[in-house]
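Spelled out, the chains give:
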Amino acid sequence: MPALFGMIEVHGHGYVFSETYEEMKDQIEIHLTSGQFTFRYESEYLGQLAPHIRNMIDTNLDRILTSAEVNQFFAEYRAALDISTQQLPFYINQKPATIQIVDISAPTILTDSLLAPFRINMTLRASGLNLKAGQYELLIDPKLFFLNGNQFIDMAKKRVEFTDAQEAEIGRFLQIKVIASEPIQFISTFPGYIREDEKKIFIHGVFYDKTILRIQNLQYPKLRIRFKIS
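All of the points below concern the structure found in this document. Since we're looking at a predicted model, the values are computed, not measured.

1. Comments concerning the overall build of the protein
Looking only at helices and strands, one finds five helices and 14 strands in the protein. By the burial criterion, 47% of the 230 residues in the protein qualify as buried. Sequence-distant contacts, at least 24 apart, represent 72% of the contacts inside the protein between residues at least 6 apart. If you sum the accessible surface of the protein, you get close to 11,200 Å²; carbon and sulfur atoms cover 50% of it.

2. Digging into the packing of helix 2 (residues 67-86) against helix 3 (residues 147-159)
For the pair helix 2 and helix 3, interaxial distance at closest approach is 10 Å and the crossing angle is 120°. In terms of orientation, helix 2 and helix 3 fall into the oblique class. Between helix 2 and helix 3 the crossing geometry is right-handed. Each of Phe73, Phe74, Glu76, Tyr77, Ala80, Leu81, Ser84 and Thr85 in helix 2 lies in contact with helix 3, whose residues at this interface are Leu147, Asn148, Gln151, Phe152, Met155 and Arg159. Partitioning the contact of helix 2 with helix 3 into residue classes produces eight nonpolar, four polar and two charged.

3. Description of the side chain of Asp26
Within the fold, Asp26 resides in strand 3 (residues 23-32). The charged side chain of Asp26 is buried without a salt bridge, its nearest counter-charge being Arg172 at 5.0 Å. Setting aside residues no more than four positions away along its own chain, Asp26 makes contact with Tyr41, Glu42, Ser43, Tyr45, Phe145, Asn148, Phe173, Leu174 and Gln175.

4. Digging into the nonpolar core
Among the nonpolar cores identified, the biggest contains 60 residues, and Phe37, Phe74, Phe90, Phe118 and Phe145 are the most heavily contacted of them. Not counting the four nearest positions on each side in its chain, Phe37 is found in contact with His31, Leu32, Phe90, Ile92, Leu124, Arg125, Ala126, Leu129, Leu131, Leu138 and Phe227.

5. What to know about the packing of aromatic side chains
By convention here, two paired aromatic rings are described through the distance between centres and the angle between planes. Under the criterion given, the structure shown has 12 aromatic pairs. One aromatic cluster in this structure is built from Tyr45, Phe73, Phe74, Tyr77, Phe118 and Phe152.

6. Structural notes on the sheet that holds strand 11 (residues 184-190)
The five strands lie next to each other as 6-5-9-14-11, forming an open sheet whose pairing is antiparallel. Pairing within the sheet leaves two strands with one partner each, and these edge strands are strand 6 (95-97) and strand 11. Each adjacent strand pair in this sheet contributes to an overall mean axis angle of 25°, direction not counted. Examined bridge by bridge, strand 9 (residues 134-140) and strand 14 (residues 223-229) share seven bridges and lie antiparallel to one another. Bridging across to strand 14, Gly134 finds its partner in Ile229.

The rules behind each value
Position numbers for residues start from 1 in each chain and track the written sequence from start to end. Where local features are concerned, this predicted model is filtered to residues with pLDDT of at least 70; where side-chain atom pairs are given and counted, the filter is 80 or more; whole-chain, interface and lining totals use all residues. Side-chain measures here rest on the full set of heavy atoms in the structure, leaving out hydrogens and waters. Each helix is a run of H or I in the DSSP string that is no shorter than four residues. Each strand is a run of E no shorter than two, and both are numbered from the N terminus. The rule is simple: take the accessible area with a 1.4 Å probe, protein chains only, and divide by the maximum for that residue type; under 20% is buried, over 50% is exposed, in between is partly exposed. Contacts were defined at the residue level, with two residues in contact if any of their heavy atoms lie within 4.5 Å. Note that accessible areas follow from Shrake-Rupley with a 1.4 Å probe, and for residues the cover is restricted to the protein chains shown. Orientation is described by lines fitted to C-alpha atoms, with helices fitted over the stretch in contact, and by angles between N-to-C directions that extend from 0 to 180 degrees. Orientation categories follow fixed angle ranges, with anything under 35 degrees roughly parallel, anything over 145 roughly antiparallel, 65 to 115 roughly perpendicular, and all other angles oblique. Handedness of a helix crossing follows the sense of rotation of the near helix relative to the far helix, less than a right angle counterclockwise being left-handed and clockwise being right-handed. Under the grouping applied here, Gly and all other residues not named as nonpolar or charged are polar, the nonpolar ones being Ala, Val, Leu, Ile, Met, Phe, Trp, Tyr, Cys and Pro and the charged ones Asp, Glu, Lys and Arg. As used throughout, the charge tally considers Lys and Arg to be positive and Asp and Glu to be negative, leaving His and the chain termini uncounted. A carboxyl oxygen of Asp or Glu within 4 Å of a side-chain nitrogen of Lys or Arg is what we treat as a salt bridge. Take the buried residues of types Ala, Val, Leu, Ile, Met, Phe, Trp, Tyr and Cys, join any two whose side-chain atoms come within 4.5 Å, and each joined set is a nonpolar core. Side-chain rings of Phe, Tyr and Trp (the six-membered ring for Trp) are treated as a pair once their centres are within 6.5 Å; stacked means planes under 30 degrees apart, edge-to-face means over 60, and tilted covers the remaining angles. Pairs of strands are assigned from DSSP output, requiring at least two bridges between the strands.

Here's what the structure looks like:
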């Protein structure tokens with residue numbers, strides 16, 4: 001699959017762990033209204049990071065996760081992620097706005113095996129936008145979309161000896177769908193394409209072979225969406 005932003009080479013990931021490749025997959029839906037933007041994630045982590053996350057949650061090391069352990073871990077994760085998102089705003093007509101996590105869940109975490117893929121759902125939101133009738137340009141740094149996964153890696157490095165070498169094996173795959181509510185209509189998008197009466201934008205196939213190491217050190221083209229409110 002070609003690299004979406006035009007400067008990312010795609011390579012195969014040869015390291016196999018528990019019959020899965022080292023990948024982090026994010027499916028994102030961004031819902032736009034005149035008052036708020038909502039980012040909904042469905043994420044799946046395959047390979048070594050999944051058991052490392054479970055080891056972080058299992059504070060008493062008994063190999064059994066409890067609701068209390070899960071709730072405590074996600075409270076710490078949520079607080080750390082909120083700090084990161086506040087430091088990386090997106091822009092609407094050059095005015096900054098930030099997202100904040102409002103919900104997070106891992107529905108199967110209490111029954112999954114240690115080596116199973118780690119699946120998580122989360123919702124982040126920018127509220128109080130109060131956009132009036134007119135034309136707007138939405139500008140998003142692609143690094144914003146990966147903060148949730150990066151936070152798991154940062155915590156795993158500090159708590160359970162997840163290494164730079166293990167991180168370097170991880171590939172990233174991202175798909176984004178942007179959906180507008182009345183009375184918003186899309187005018188243009190880069191990258192991606194508009195369909196369904198100017199109400200939906202689809203962006204597919206972003207791969208990062210070295211994840212944070214490349215994302216932090218290189219400048220990637222910003223996601224630009226022009227839209228109008230009637």
